[in-house]
2 protein chains.
Amino acid sequence: MPTTITSHANAIAETNEKFMIAFRKKDAATMARCYTEKAAILPPQSDFLSGANAIEGFWRAVMNMGITDVTLATSELVEFGDAAYEVGRYTLLAGEKIADRGKYVVIWHHERGAWKLHRDIWNTSVAA
Amino acid sequence: MPTTITSHANAIAETNEKFMIAFRKKDAATMARCYTEKAAILPPQSDFLSGANAIEGFWRAVMNMGITDVTLATSELVEFGDAAYEVGRYTLLAGEKIADRGKYVVIWHHERGAWKLHRDIWNTSVAA
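Along every chain, residues carry numbers that run from 1 in the direction the sequence is written. Each chain is given a letter, starting from A, and each ligand a number, starting from 1, according to the order in which they appear as written. For this predicted model, a pLDDT threshold of at least 70 governs which residues receive local features, and a threshold of 80 or more governs which side-chain atom pairs are given and counted, while totals over whole chains, interfaces and linings are taken from all residues. To get the side-chain values, take all heavy atoms of the structure and skip hydrogens and water.

S.K.: Looking at this structure, how should I read the sheet that holds strand β4 (residues 83-94) of chain A?
M.R.: Across a sheet, paired strands are connected by hydrogen bonds in the backbone, their directions being either parallel or antiparallel. All names here are of chain A. Between any two strands, pairing holds if DSSP finds at least two bridges. Comment: elements are numbered from the N terminus, with helices defined as DSSP H or I runs of at least four residues and strands as E runs of at least two. Spatial strand order, β2-β1-β6-β5-β4-β3: 6 strands in an open sheet with mixed pairing. Taken across any chain shown, the strands that pair with only one partner, and hence form the sheet edges, are β2 (49-50) and β3 (69-80). Against the sheet, helix α1 (residues 9-24) engages β1 (35-42), β3, β4, β5 (97-111) and β6 (114-124), with an angle of about 160° to β3. Helix α3 (residues 52-64) rests against β1, β2 and β6 of the sheet, and its axis sits at about 50° to β1. Any two residues having at least one pair of non-hydrogen atoms within 4.5 Å are treated as being in contact. What counts as an axis is a line fitted to C-alpha atoms, over the stretch in contact for a helix, and the angles between N-to-C directions run from 0 to 180 degrees.

Below, the structure written as structure tokens:
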């Protein structure tokens with residue numbers, strides 16, 4: 001099994017780019033539209049959050065905590081037809097300061113012509 | 001796309017069962033053998049840990065912290081040929097006490113006749 005299949009890497013990278021730009025613009029509604037209709041996110045210190053309203057509310061709350069920027073860096077992307085999994089690293093900034101850095105796994109689905117986040121889990125890499 | 005394909009659910013459940021039993025027996029070597037050869041785990045407060053030795057060492061360290069039991073409960077399992085993703089909940093016990101509860105995503109690979117964990121990420125659901 002190949003560890004990276006590149007056929008839709010560009011489309012997935014585009015959604016990640018859109019996600020990061022929306023975060024910087026404090027546009028949680030656009031972030032929520034990067035997810036599938038039946039998406040769930042699995043944030044630390046929270047139960048599962050499902051659906052566009054809950055996901056939008058989560059990211060708005062992160063912005064309201066003073067996080068100003070998110071950077072995503074894909075380290076692995078493997079596709080299976082209309083789905084893919086991505087492993088990567090994230091960095092959160094609060095102004096000039098690194099607020100957190102960690103890693104994530106995203107399950108992607110191809111839904112109505114676009115690649116969208118379907119399951120999204122992450123955790124910090126910073127020691128307690 | 002089906003949200004659960006059951007063709008190999010039993011094989012995956014068997015590996016999860018083996019994983020839990022090995023934990024209770026403090027047998028980190030058997031736990032490590034539940035993972036693929038090129039597996040990586042993504043523990044909170046840590047960088048990626050890759051390969052059998054690092055994975056075995058991680059689980060031994062968790063045992064040495066006083067965690068006596070892990071319970072895994074699958075809430076979603078979706079297969080794509082020789083791979084699958086699983087979403088679930090975990091509970092860690094320290095004796096009679098719940099030490100942590102949270103959620104996880106595992107990417108499974110079918111490797112030499114067995115279903116094994118290939119990527120394994122989790123985080124707590126307990127509020128900070």
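S.K.: Please clarify how the pattern of salt bridges should be interpreted in this entry.
M.R.: Oppositely charged side chains can pair when the atoms bearing their charge come close. Just to be clear on terms, a salt bridge is a Lys or Arg side-chain nitrogen sitting within 4 Å of an Asp or Glu carboxyl oxygen. Under the criterion given, the structure shown has 10 salt bridges over all chains. Notably, a salt bridge pairs R89 of chain A with D47 of chain B, separated by 2.9 Å at the nearest N-O pair. Here R89 of chain A is found in strand β4, whereas its partner D47 of chain B is found in the loop between β1 (35-42) and β2 (49-50) on a different chain. Between E37 of chain B and R112 of chain B there is a salt bridge, and its shortest N-O distance comes to 2.4 Å. Residue E37 of chain B is located in strand β1, and its partner R112 of chain B is located in the loop between β5 (97-111) and β6 (114-124); the two are separated by 75 residues in the primary sequence. When a residue's accessible area, from a 1.4 Å probe over protein chains only, is under 20% of the maximum for its type it is buried; when over 50% it is exposed; and in between it is partly exposed. R112 of chain B sits in the exposed class, given a relative accessible area of 71%.

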